[in-house]
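Letter by letter, the chains look like this.
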Amino acid sequence: MRIPILKLGNYLLVSIQVELDDNTAVQFQQDLLGMIHKTGSKGVVIDLTSVQMIDSYIARVLGDVVKMAELLGSEVVFTGIQPAVSITLIDLGITFRNVKTAMNLEQGLEKLQQLLEG
């Protein structure tokens, strides 16, 4: 299953509406990086509001997406991280260094705009 990636001006918007399995996460990583390269987008908002569970592999893939996007010149902001996902990440000892977060999509877009436009 592919996760839709929408272009909104100079940004890409992703709303993950499915539970991520390993194959979907890897496909998403490839699709997003290809879209960043193709469009030259300077920012990406990844909305995780619908994601209720996460494991260490999916967390690593998401962390890698941030690093890879930065190498392509694009900032990433995660939005809508659920409390259960946050607790799981901490319990697993997973930290996202330098990862920007926001409570919701609107705040995520505002944060991205601040990051890119000063």
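You'll find the structure just up there.
Fair warning: this is a prediction, and the values are worked out from it, not measured in the lab.

> Run through the sheet that holds strand S2 (residues 11-15), naming residues and quoting values.
Two strands in a sheet stick together by hydrogen bonds in their backbones, pointing the same way (parallel) or opposite ways (antiparallel). One open sheet accounts for five strands, arranged S1-S2-S3-S4-S5; its pairing is mixed. The strands lining the two open edges of the sheet, one partner per strand, are strand S1 (5-8) and strand S5 (100-102). Within the sheet, the average angular offset between the axes of one strand and its neighbour, ignoring direction, is 25 degrees. As judged from the five bridges shared by S2 and strand S3 (residues 43-47), these two strands associate in the parallel manner. Paired with Leu13 across the strands is Val45, a residue of S3. In the packing of helix H2 (residues 56-71) onto the sheet, contacts are made with S3, strand S4 (75-79) and S5, and the angle to S4 comes to roughly 150 degrees. Helix-sheet contacts for helix H4 (residues 105-117) involve S1, S2, S3, S4 and S5, and the interaxial angle to S4 is about 160 degrees.

> Please set out the pairing of S4 residue by residue, giving values where relevant.
By the criterion of burial, S4 is predominantly enclosed, with four of the five residues buried. Inspection of the sheet shows S3 paired to S4 by five bridges, in the parallel sense. Paired with Val45 across the bridge in S4 is Val77. Assessed by its sense of winding, the connection that carries the chain from S3 through H2 to S4 is right-handed. Relative to S5, S4 runs parallel, the two being bridged by three bridges. Along S5, the bridge assignment pairs Phe78 with Thr101. Note on the crossover from S4 through helix H3 (residues 83-91) to S5: the handedness is right-handed.

Thresholds applied
- Residues numbered from 1 in each chain as written.
- Predicted model: local features only at pLDDT ≥ 70, side-chain atom pairs only at ≥ 80, totals over all residues.
- Heavy atoms only, no water.
- Pairing = 2+ DSSP bridges.
- Helix = DSSP H or I, 4+ residues; strand = E, 2+ residues; numbered from the N terminus.
- Axes fitted to C-alpha atoms, helices over the stretch in contact; angles between N-to-C directions.
- Contact = heavy atoms within 4.5 Å.
- Buried < 20%, exposed > 50% of the residue type's maximum accessible area, 1.4 Å probe, protein only.
- Right-handed = clockwise from strand over helix to strand, strands pointing away.

Function cannot be inferred from these measures alone, as they are strictly geometric.
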